[in-house]
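Per-entry structural report
Each chain, written out:
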Amino acid sequence: MNYSQAEDYLNSFVNYEQIPGISYAQPGYSLRHVEELLNRMGNPQLAARTIHIAGTKGKGSVAAMIAQVLSDSGYKTGLYTSPHFHTLRERISVDGNLISEAEFAAAMAEVKPFIESMKQDATFSQLTYFEALTALAFAYFEKKRVDFQVLEVGLGGRLDATNVTKPLVCIITPISLDHTQILGNRLDEIAREKAGIIKPGCWVVLSPQPEEAASVISYICREKEAQVVQVGKDIIWHKTGGDLHHQSLVIEGRTSNYQVSIPLLGDFQLENAAAAVAVLEILASAGFAISAADIAQGLARVKWLGRFHILQQNPTVLVDGAHNVASMKVLVGNIKSYFSYKRIFLVFGTSCDKDIPGIVNELVPLSSQVIVTQTPHSRAAPLSTLAAEFGKRGIEPEIRETVAEAISRALSLADRTDIICVTGSLFVVAEALDYFSRG
């Protein structure tokens, strides 16, 4: 099996990432079939120490920070995240190195017989694309003999394919309304799904939450007798400096203080860094060799694309994968605090299953210079839908069929002192990254 064949095999499974608004979890759904597959494989998910991260915002950034520090502390560390920008291999890495095409194909060839045996057993549900990929990631991490695996939940938590491990630490990053057709229309419902990753007696690092979410998670932590560290209460931070390339901050932890610098912009990344340090302190207290110097070095070296990410200056081109109301509110606030500008041009596209009216409401006060666009992704919102939402608010946006055309148009309109902000979806951001990487 080569890489192309491995991808084709994976694509033969139902992929709910491509289907808008359809729940991956029908009534009576459980992870029993995933657990059975992994059991037949020898339970590779239990081979490494696990850090498990759920939440609506920031979970990828926190995962990347923790993984980088663990690697810099001398621990071989696997990182599993989603979605990807350019290649599926971005989702699976060890010590910052993506799984190679040959390794991916070999891992799929190893996992395939077990998956095929599951297909023949009518007593179990059929696997999905994400479940098959997650099994492959566990098999790969076991083969690489990683010390730690840092796992980002794909969607929700309770019924996510990653929720088959026994984590040392769980993290719940900030929760807001997203994927409401699947997870629920209320914050308490969503919080219950996210908190489904919490295991009896484990440590839980809890980022600041809306009260409705916090009360649900706190109840589940008490029920599971989990030990909780609250970011913003047990561990605090304050910014000490920064520019358009990095931010400096002091994090006051439970056991020490840390002066760190991160090459990621936006106030939300300060909170994410504090959450990462909370996790690393727990591991250090448990006897793992993670020093303050390791933490400072790892955070200074972390890479996480597409979130408040400046691609060029004169004019400034900023990309941000904000795709719900809460994230867009944060993006708008950060733009106002980071930049002084005369004009800002918005290049906007999003998925059809998002709260498009709510997102547009956040963007409208920022600028009336809007170009709507879309990606070829099956979930992309129609251009007419996006244009109509802006039109209801007195803005007649320009329409461009592709992200490349939209960016090219924005660049032709912008002066050196203007800002171009590309946002609304990580799929849109991926195409912007492609556009600028091609020069």
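Rules used throughout
- Residues numbered from 1 in each chain as written.
- Predicted model: local features only at pLDDT ≥ 70, side-chain atom pairs only at ≥ 80, totals over all residues.
- Heavy atoms only, no water.
- Phe/Tyr/Trp six-rings, centres within 6.5 Å; stacked < 30°, edge-to-face > 60°.
- Helix = DSSP H or I, 4+ residues; strand = E, 2+ residues; numbered from the N terminus.
- Lys NZ or Arg CZ within 6 Å of the ring centre and 35° of its normal.
- Pairing = 2+ DSSP bridges.
- Contact = heavy atoms within 4.5 Å.

1. Things to note about the packing of aromatic side chains
By the definition in use, this model includes twelve aromatic pairs. Pairing Tyr75 with Phe148 gives two aromatic rings, centres 5.4 Å apart and planes at 90°, and the pair type is edge-to-face. In this pair, Tyr75 is assigned in the loop between helix H3 (59-72) and strand S2 (77-80) and Phe148 in strand S5 (residues 148-152), connecting sequence segments 73 residues apart. What links up through ring pairs into an aromatic cluster is the set Tyr75, Phe148 and Phe288. The ring centre of Phe148 lies 5.8 Å from the NZ or CZ of Arg49, which sits over that ring. Across the ring face of Tyr9, the terminal group of Lys112 is positioned such that the distance to the ring centre comes to 4.8 Å.

2. Structural notes on the environment of Lys329
Topologically, Lys329 is positioned in helix H11 (residues 325-338). C-alpha of Lys329 to C-alpha of Glu362: the two residues are 33 residues apart in sequence and 5.9 Å apart in space.

3. Looking at the pairing of strand S7 (residues 203-206)
By the bridge criterion, four bridges tie strand S6 (residues 169-172) to S7 in an arrangement that is parallel. Opposite Ile171, over in S7, you have Val205 as the bridge partner.

4. What about the environment of Glu271?
Assignment of secondary structure puts Glu271 in helix H9 (residues 267-285). With 97 residues separating them in the primary sequence, Glu271 and Ser368 have C-alpha atoms 31 Å apart. Glu271 has contacts with Pro174, Ser207, Pro208, Val231 and Trp237, leaving out every residue within four places of it along the chain.

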